[in-house]
Amino acid sequence: MSVATAVKHRSVSQLSTFSKCGEQYRLERIARAPTRPAAWFHQGTAFHLAVETWERNSRQDFPGDITDLYLWEYDRLIAADREREPNPARWLTGGRTKAEDDISRRRERGAAQVEGYMDWALRNSGRVFWGPDGPAVEVEFRLNLDGVEVVGFIDQLWQYGSGAVGPRDLKTGSKLPDWPLQLGVYRIAVEELFGFLPRWGDFYMAKNNAPEKPVDLSRFTREWVTRQFHMLEDGIQAGAFLPNPGDSCRTCGVAEFCTALGNRASEYPHPSREVTE
């Protein structure tokens, strides 16, 4: 089956959200419930833009220019969300921090993370892998996994000092992912795009201005990845959107509409017959 006849466009984030909480997936992806703003989203987006721009320009930009780019993008995104939700009490902060304080702190923290990335990268023996089209940053991919099309972007392909190349994901948050699912999917995408199957991949943790130890990705075969996305597709089509209340609810942008715990659940109830994407 060709990509053109694939069933749906799926992504790593869809698989991750669905496996974590089906109700969150339903509210965000199907019911399209309004999501409460959070400054941490914009910190991550602006950080990625700054790093991508620096790497694409062969690291020729002055560090101050890249930091200014981060600040410009962060301020632009925050302003757009302020217009959408002017009430700061409605913003998520992940704790008891006031929204305005959180916005200010993340602005400064993100700028420092951008500077930390550039400093670390210039001191490190490795670098971004150069493919046929230049530096491999924000690499788009489309995988046809037996009829389910998976699309996404790889933050970076990193070439280590040893010469080995593997996918890298950039994280601006405080928590390392519980398992390297996205790196495993990226592994298969790299094989499709570049013709080699990397064994190793890692997460760059901006809070530490350094990557974590590389992860062995050999368990993530094409067959295994295909099976996960087919189970995702089957669950969506069956309307199996099970809620999973827990600690992550405090950072969920649609928690107030959750049929398990939300105080506005009646606004987005499960229809008698689930209408999927």
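None of the values given here were measured: they were computed from a predicted structure. (Residues numbered from 1 in each chain as written. Predicted model: local features only at pLDDT ≥ 70, side-chain atom pairs only at ≥ 80, totals over all residues. Heavy atoms only, no water.)

Draft legend 1. Expanded view of the overall build of the chain. Check the secondary structure of the chain and you find 7 helices and 10 strands. Against the compact-globule benchmark of 19 Å for 277 residues, the chain has a radius of gyration of 20 Å, which places it among compact chains. With respect to the principal axes defined by its C-alpha atoms, the chain has extents near 55 × 50 × 30 Å. Considering only contacts in the chain between residues 6 or more positions apart, those separated by 24 or more positions represent 70%. Treating the 35 positive side-chain charges of the chain as one cloud and the 39 negative ones as another, the clouds have centres 4 Å apart. (Helix = DSSP H or I, 4+ residues; strand = E, 2+ residues; numbered from the N terminus. Rg over C-alpha atoms; globule rule 2.2 N^0.38 Å. Contact = heavy atoms within 4.5 Å. Lys, Arg positive; Asp, Glu negative; His and termini not counted. Charge placed at Lys NZ, Arg CZ, Asp CG, Glu CD.)

Draft legend 2. Layout of the pairing of strand S8 (residues 200-205). Extensive coverage of S8 is indicated by the burial of 5 of its 6 residues. Here strand S7 (residues 165-171) runs beside S8; their pairing, made up of 4 bridges, is parallel. Its bridge partner being in S8, Lys 171 is matched across the sheet by Met 205. Handedness of the crossover joining S7 and S8 through helix H6 (residues 181-194) is recorded here as right-handed. Of the pairings in the sheet, the one linking S8 to strand S10 (residues 215-216) comprises 2 bridges and is antiparallel in character. Considered in S10, the bridge of Trp 200 is made with Asp 216. Across 2 bridges, the pairing between S8 and strand S9 (residues 210-211) is antiparallel. Its bridge partner being in S9, Met 205 is matched across the sheet by Ala 210. Count of turn residues in the S8/S9 antiparallel hairpin: 4 residues, of which Asn 209 carries a positive phi of about 55°. (Buried < 20%, exposed > 50% of the residue type's maximum accessible area, 1.4 Å probe, protein only. Pairing = 2+ DSSP bridges. Right-handed = clockwise from strand over helix to strand, strands pointing away.)

Draft legend 3. Region of interest: the nonpolar core. The biggest cluster of nonpolar side chains holds 32 residues, and the ones touching the most others in it are Phe 141, Leu 143, Ile 154, Val 185 and Phe 229. Mapped by element, the contributors of at least two residues to this core are helix H1 (12-20), helix H2 (22-30), strand S5 (137-145), strand S6 (148-159), H6, S8 and helix H7 (222-238). No other element matches H6, which puts 7 residues into this core. Residues Phe 47, Trp 91, Ala 121 and Val 128 belong to the second largest nonpolar core, which totals 27 residues. (Core = buried A, V, L, I, M, F, W, Y, C linked by side-chain atoms within 4.5 Å.)

Draft legend 4. Local environment of the packing of helix H3 (residues 39-56) against helix H4 (residues 63-84). H4 packs onto H3 with a crossing angle of 150° between their chain directions and a minimal axis gap of 8 Å. Handedness of the crossing formed by H3 with H4: right-handed. Where H3 abuts H4, its residues Ala 39, His 42, Gln 43, Thr 45, Ala 46, Phe 47, Leu 49, Ala 50, Thr 53 and Trp 54 lie against Ile 66, Leu 69, Tyr 70, Glu 73, Tyr 74, Leu 77, Ile 78 and Asp 81. Grouping the constituent residues of the contact of H3 with H4 by class yields 12 nonpolar, 4 polar and 2 charged. (Axes fitted to C-alpha atoms, helices over the stretch in contact; angles between N-to-C directions. Left-handed = near helix turned anticlockwise from the far one by under 90°. Nonpolar A, V, L, I, M, F, W, Y, C, P; charged D, E, K, R; others polar.)

Draft legend 5. The arrangement of the pattern of salt bridges in detail. Applying the stated rule across the entire model yields 21 salt bridges. A salt bridge links Glu 73 to Arg 76, with the nearest nitrogen and oxygen atoms 2.9 Å apart. Of this pair, Glu 73 and Arg 76 are both found in helix H4, 3 residues apart, which corresponds to roughly one turn of the helix. Accessibility expressed as a relative area gives 8% for Glu 73, which makes it buried. Arg 90 is the salt-bridge partner of Glu 85, the closest N and O atoms lying 3.6 Å from each other. Exposure remark for Glu 85: the relative accessible area of 17% places this residue in the buried category. Among the charged side chains, a salt-bridge network with shared partners connects Glu 85, Arg 90, Glu 256, Arg 264 and Glu 267. (Salt bridge = Lys/Arg side-chain N within 4 Å of Asp/Glu carboxyl O.)

Draft legend 6. Representation of the confidence of the model for the chain within the structure. The predicted model of the chain has a mean per-residue pLDDT of 93, with 95% of residues at 70 or higher. Low pLDDT, under 50, characterises residues 1-7; the stretch is placed with 13 contacts to residues that sit more than four places away or in other chains. (pLDDT = per-residue confidence, 0-100.)

Draft legend 7. Just the packing of aromatic side chains, in detail. Going through the model one piece at a time under the given rule, you end up with 18 aromatic pairs. Ring plane angle 75° and centroid distance 5.2 Å describe the contact between Tyr 117 and Tyr 204, whose orientation is recorded as edge-to-face. Of the two residues, Tyr 117 sits in helix H5 (residues 99-123) while Tyr 204 sits in strand S8, which places them 87 residues apart along the sequence. Ring centres of Phe 129 and Phe 196 lie 6.0 Å apart, and the angle between their planes is 75°; this geometry places the pair in the edge-to-face category. Here Phe 129, found in the loop between strand S2 (127-128) and strand S3 (130-131), pairs with Phe 196, found in the loop between H6 and S8; they are 67 residues apart in sequence, far enough to count as distant. Relative accessible area serves as the criterion here: at 17%, Phe 129 is assigned to the buried category. (Phe/Tyr/Trp six-rings, centres within 6.5 Å; stacked < 30°, edge-to-face > 60°.)

Draft legend 8. Seen up close, the side chain of His 48. With respect to the element layout, His 48 can be found in helix H3. At a separation of 3.0 Å, a polar atom in the side chain of His 48 contacts the side chain of Asp 155. For His 48, the residues in contact, after removing those within four places along its chain, are Glu 138, Asp 155 and Leu 170. (Polar contact = N/O pair within 3.5 Å; in protein donor to acceptor, adjacent residues only side chain to side chain.)

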